[in-house]
Amino acid sequence: MRIPEETIRNAAREIERAERIVLISHKNPDGDTTGAALAFYELLTLMGKSPVFYCIDPLPESFMFLPNSDMLVREFDENEFDLAIMFDVAAEHLSGIDKLKPDLFYGKYPLINIDHHPSNEGFGRWNLIDTESASVTLLLTHFFNFLGWRITPKMATCLLTGIYTDTGSLKHSNTNAEVHRVASQLLRSGARLKEIVKYIFKNTKVETLRLWGRVMKRISQTPDLITVSYVNDDDFRETETTPSDLTGAIDYLNAVPDAKFSLLLTEMNGKVKGSLRTMREDVDLTEIAGRVGGGGHKKASGFSMQGKVKMETRFTIESEGERFEDSLFVPKP
């Protein structure tokens, strides 16, 4: 593993001596944060402990096939637990509880922070962060292997779900030899690949396709070769969908030949969320997203701000008296 052995062993000792452990996924949960938390839930249950799986938002329907997904809770009292573990939470505010439960952060509470985002500042007492890992679930597979903790078929399905979703079913640029080796191990451990493909990649509702249709209809490309589209409150209301139904849509924007990167803007409830993707080696999306307070990975990043989208000959975000135009997102020479 690319994490110091002492850190791994300290985190393992913390887990082994704790009895009540809360497992925390980030808001708007994806397959990686969900798969990681549920793999740990199964492990801790087999250890005879009493885990609780928490997320401030409900799970998308596509993840409800995973073991113990029905155990999700939407609130908890941190004083009832010996330990908290956060998965794939790149920054405190992405947990959704940084203001509700500030004592969880920066060593005030026994917290293990497990992540793979370069922007993670290490807010846990123990920080298992590997920025070279394609997903948190890949990192966890190595963690379990290192400690000799057996990966059951249920755990393997959860872990492979995270790898498949964070690599776009092994198609994104973060898919390397390590990803294939770990995926192979999880398949040998009993991961149910057919269910993962069925429920996540071949389970698109008519309403979702209608929403994606609006994304595709609005695609444009700037003179700087940035592929852009957007959706807003009206689109979600009229298609009877939610932002979670946009998962996967940006991959179609990112398929445009010769584009520097793609940008999907989502306007909802007075906020604008931007999702950025690229296939190019000479574009660093963490630097681009960072210009407006966002972050993520070099080839997959995002940002969020108060405001609304105005489409002109180029896009503009108006936010609290400021204007952010498409030229802001042009990669520097």
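Values in this document were obtained by computation on a predicted structure and should not be read as measured data.

(A) Main features of the side chain of Ser-133. Mapped onto the elements of the fold, Ser-133 is located in the loop between strand S6 (126-129) and helix H3 (136-147). A polar contact of 3.4 Å, which involves the side chain of Ser-133, links it to the backbone nitrogen of Leu-139. Apart from residues lying up to four places away in sequence, Ser-133 is in contact with Arg-2, His-116, Leu-138 and Leu-139.

(B) Examining the sheet that holds strand S9 (residues 261-268) more closely. Strand order in the open sheet formed by six strands is S7-S8-S9-S10-S12-S11, with mixed pairing between adjacent strands. Taken across any chain shown, the strands that pair with only one partner, and hence form the sheet edges, are strand S7 (220-221) and strand S11 (295-296). Judged from the seven bridges that link them, strand S10 (residues 271-277) and strand S12 (residues 300-306) form a sheet pairing that is antiparallel. When the bridges of S12 are listed, Ser-275 appears paired with Gly-302.

(C) Representation of the packing of aromatic side chains. Scanning all chains against the criterion turns up twelve aromatic pairs. On the numbers, 4.8 Å between centres and 70° between planes, the contact of Tyr-54 with Phe-76 is edge-to-face. Linking Tyr-54 in strand S2 (residues 50-54) with Phe-76 in the loop between strand S3 (72-73) and strand S4 (83-87), this pair joins segments that are 22 residues apart in sequence. The pair Tyr-54 / Phe-76 is uniform in exposure class, with both members buried. These aromatic residues form a ring-pair network of at least three members: Phe-40, Phe-87, Phe-143, Phe-144 and Trp-149. Directly above the ring of Phe-76 sits Lys-101, whose terminal nitrogen or CZ lies 4.7 Å from the centroid. Over the face of the ring belonging to Tyr-230 we find Arg-218, whose NZ or CZ atom lies 4.6 Å from the ring centre.

(D) Highlighting a nonpolar patch on the surface. On the surface, a cluster of nonpolar side chains totalling about 270 Å² of accessible area is made up of Met-216, Ile-219 and Tyr-252. Tracing the chain through its elements places Ile-219 in the loop between helix H7 (206-217) and S7.

(E) Geometry of the side chain of Glu-92. Assignment of secondary structure puts Glu-92 in the loop between S4 and strand S5 (111-115). No salt bridge is formed by the buried Glu-92. Its closest oppositely charged neighbour is Lys-99, at 9.4 Å. Setting aside its immediate chain neighbours within four residues, Glu-92 contacts Asp-98, Phe-105, Tyr-106 and Phe-123.

(F) Just the pattern of salt bridges, in detail. Tallied over the entire structure, the rule returns 17 salt bridges. A salt bridge links Glu-132 to Arg-2, with the nearest nitrogen and oxygen atoms 3.8 Å apart. One end of the pair, Glu-132, is in the loop between S6 and H3; the other, Arg-2, is in the segment before helix H1 (5-17), and 130 residues separate them in sequence. One salt bridge in this structure joins Arg-2 and Glu-178, with 3.3 Å as the shortest N-O distance. Of this pair, Arg-2 sits in the segment before H1 while Glu-178 is found in helix H5 (residues 177-188), placing the two residues 176 residues apart along the sequence. Overlapping salt bridges, with partners in common, bring together Arg-2, Asp-130, Glu-132 and Glu-178 in one network.

(G) Broad picture of the sheet that holds S2. Read across the sheet, six strands follow the order S3-S2-S1-S4-S5-S6 without closing on themselves; strand pairing throughout is parallel. Lying at the two open borders of the sheet, with one neighbouring strand each, are S3 and S6. Pairing geometry for S5 and S6, over four bridges, is parallel. Looking at S6, one finds that Asn-113 is bridged to Asn-127. Where H1 meets the sheet, its contacts fall on strand S1 (20-25), S4, S5 and S6, and the angle it forms with S6 comes to roughly 120°. Against the sheet, H3 touches S4, S5 and S6, its axis set at about 115° to S5.

Procedures and definitions
- Residues numbered from 1 in each chain as written.
- Predicted model: local features only at pLDDT ≥ 70, side-chain atom pairs only at ≥ 80, totals over all residues.
- Heavy atoms only, no water.
- Helix = DSSP H or I, 4+ residues; strand = E, 2+ residues; numbered from the N terminus.
- Polar contact = N/O pair within 3.5 Å; in protein donor to acceptor, adjacent residues only side chain to side chain.
- Contact = heavy atoms within 4.5 Å.
- Pairing = 2+ DSSP bridges.
- Phe/Tyr/Trp six-rings, centres within 6.5 Å; stacked < 30°, edge-to-face > 60°.
- Buried < 20%, exposed > 50% of the residue type's maximum accessible area, 1.4 Å probe, protein only.
- Lys NZ or Arg CZ within 6 Å of the ring centre and 35° of its normal.
- Patch = residues over 30% accessible without salt bridge, like charges linked within 9 Å, V, L, I, M, F, W, Y side chains within 5 Å.
- Areas by Shrake-Rupley, 256 points an atom, 1.4 Å probe, with all protein chains shown as cover.
- Salt bridge = Lys/Arg side-chain N within 4 Å of Asp/Glu carboxyl O.
- Lys, Arg positive; Asp, Glu negative; His and termini not counted.
- Axes fitted to C-alpha atoms, helices over the stretch in contact; angles between N-to-C directions.

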